[in-house]
Amino acid sequence: MFEHLVVDKPWQLELLLQTLPRLPAGRIDPDDHRTLGWFVKRLDLLLPHLEWLRIKRSNSVVYSMAPTLCTFLPNLLSLNVAGAPLSYFPTGTDVISPSLKQLCWTDDGASPTLENWKELVLFMENHPNVTVVCFPPTDLAQWPPESISSLSDWEGVCWPELEELVFTTSVRVRFFYNAFRAGTFSGIKRLAFPYTSPETLGQVLGFCGANLERLHLSHYSTYTKVFWSLDTTLEMIRVIQRSCPNLQEFRWSLKGKQLPDSEWADRLDGATIPGVTTFGAHWISPTENGYGYGRFCKHILCWARIFPDLKTVRLFGEADVQALLEERKVQFFNGFLEECRLKEVRVEDILGRCIKQQGLLV
């Protein structure tokens, strides 16, 4: 019951501060002093403008409610936070458990300054078990240009245990470029970031692509009537082909652009990416009719030709699956599922459930 806590209302935070330090009711062993907080493995603090304040007094430090709550969770493995500026984020292990494995900021947080990133380095040094990080929003416009290009803080910093990095805006990729170059992320196996150009993709993958097993690229545009360029697709495929010899899964998210014509794979000069067995697709349609999703299905089949070893197509946008299961779209969706079956490719939803014809999830 208490393994995963989601806090999105202020009263929940206050209630948990009273509840988690208590011993479980009805415990059998009277010598068992594990509190309710001992059992919590994941905490989602999703309150907007959440305060992570620390006030230094003469002989002690007093924290606000959010970090105080964390002190009651000695076995916390996953922490997702909103509105937690790095300037107040506790770097030591007295607040956030040293057992932590996943740390993610949402885009609601305040943009950190250059000085704040030194706090992050210290936090990671004190939490060597962290394997997954989604970094906080970064507004580079607030920083002097020389700080972005030098960033000597990354020299000598290496986090080999870190296996997955998630960037939700391209400016964060720009900021961490020097960290990639310095070998800070030597153990990265899974990477997600926005696709902006083949040059940026090539630079990042040039430093970490050799070990990547999963790559998730996204492109969110406000120009809904612009078709995705075939030349751009070809350049992207060639960069991945050249840089990621161990890639097993590729995810592609596209929003705000029309998909290219259905037979675009015929014009890619036979470019393929061997070794990829799972392709994840997510498209946020700029249209409201079935025509858009029909093209989406054909778009996936074109990608299937790029991956000669493909075994699974995963539709990891819940809205995509719901839209395709609608009565007026199910006919061409069933046709898509039949083509995948003939190719011996399994189609799944985000939970890994196989999608059969007529919209059955098994």
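Given the structure is predicted, the values throughout are model-derived calculations rather than measurements.

Q: Where do I start with the layout of surface pockets in this structure?
A: Where empty space is left can be seen by rolling a probe of water-molecule size over the atoms. As a volume, the largest pocket reaches approximately 340 Å³. If you go around the largest pocket, you meet 20 residues; those closest to its centre are Val 166, Ala 192, His 216, Arg 251 and Phe 316. Breaking the lining of the largest pocket down by element, the ones donating at least two residues are strand 8 (164-166), strand 9 (190-194), strand 10 (214-220) and strand 11 (249-255). The biggest single contributor to the lining of the largest pocket is strand 9, with 5 residues. Considering only residue class, the lining of the largest pocket consists of 10 nonpolar, 5 polar and 5 charged. Of the voids in this model, the second largest pocket is the one considered here, and its volume is about 190 Å³. Considering the residues around the second largest pocket, the lining is formed by Leu 337, Glu 338, Cys 340, Arg 341, Glu 344, Val 345, Arg 346, Val 347, Cys 354, Ile 355, Lys 356 and Gln 357. At the level of elements, helix 10 (330-342), strand 14 (346-349) and strand 15 (355-356) are the ones that each hand at least two residues to the lining of the second largest pocket. With 4 residues, helix 10 is the largest single contributor of residues to the lining of the second largest pocket.

Q: Just to check I follow, could you spell out the sheet that holds strand 14 for this structure?
A: Two modes of strand pairing occur in sheets, parallel and antiparallel, and in both the strands are linked by backbone hydrogen bonds. Strand order in the open sheet made by the 12 strands is 1-2-5-6-7-8-9-10-11-12-13-14, with parallel pairing throughout. Each end of this open sheet is capped by a strand with a single partner; those strands are strand 1 (4-7) and strand 14. Taken pair by pair, the neighbouring strands of this sheet meet at an average axis angle of 10°, ignoring direction. Across 7 bridges, strand 10 lies against strand 11 in parallel orientation. If you follow Leu 217 over to strand 11, its bridge partner there is Trp 252.

Q: What exactly am I supposed to notice about the side chain of Ser 78 here?
A: Inspection of the secondary structure assignment puts Ser 78 in strand 5 (residues 78-81). Polar contacts involving the side chain of Ser 78 include one to the side chain of Gln 102, which spans 3.4 Å. Not counting residues within four places of it along the chain, the set of residues in contact with Ser 78 comprises Lys 41, Arg 42, Leu 43, Leu 100 and Gln 102.

Q: Which parts of the structure should I look at to understand the pairing of strand 10?
A: Each regular strand shows side chains that alternate between the opposite faces of the sheet. With 6 of its 7 residues buried, strand 10 lies for the most part within the structure. Strand direction decides the pairing type here: strand 9 and strand 10, joined by 5 bridges, are parallel. Across the sheet, residue Leu 191 finds its bridge partner in strand 10, namely Leu 215. Regarding the hand of the β-α-β motif, the stretch spanning strand 9, helix 6 (residues 198-208) and strand 10 is right-handed.

Q: Would you take a moment to explain the environment of Asn 246 for this structure?
A: Turning to its location among the elements, Asn 246 is positioned in the loop between helix 7 (230-243) and strand 11. Along the sequence, Asn 246 and Lys 189 sit 57 residues apart, while their C-alpha atoms lie 9.4 Å from each other. Looking at Asn 246, its side chain comes within polar contact range of the main-chain oxygen of Ala 210, at 2.7 Å.

So, how was this worked out
- Residues numbered from 1 in each chain as written.
- Predicted model: local features only at pLDDT ≥ 70, side-chain atom pairs only at ≥ 80, totals over all residues.
- Heavy atoms only, no water.
- 1 Å grid on protein atoms, 1.4 Å probe; cavity = no way out; pocket = protein on both sides within 12 Å on 5 of 7 lines; lining within 4 Å.
- Points joined across faces, edges and corners; volume = space filled by probe spheres on them.
- Helix = DSSP H or I, 4+ residues; strand = E, 2+ residues; numbered from the N terminus.
- Nonpolar A, V, L, I, M, F, W, Y, C, P; charged D, E, K, R; others polar.
- Pairing = 2+ DSSP bridges.
- Axes fitted to C-alpha atoms, helices over the stretch in contact; angles between N-to-C directions.
- Polar contact = N/O pair within 3.5 Å; in protein donor to acceptor, adjacent residues only side chain to side chain.
- Contact = heavy atoms within 4.5 Å.
- Buried < 20%, exposed > 50% of the residue type's maximum accessible area, 1.4 Å probe, protein only.
- Right-handed = clockwise from strand over helix to strand, strands pointing away.

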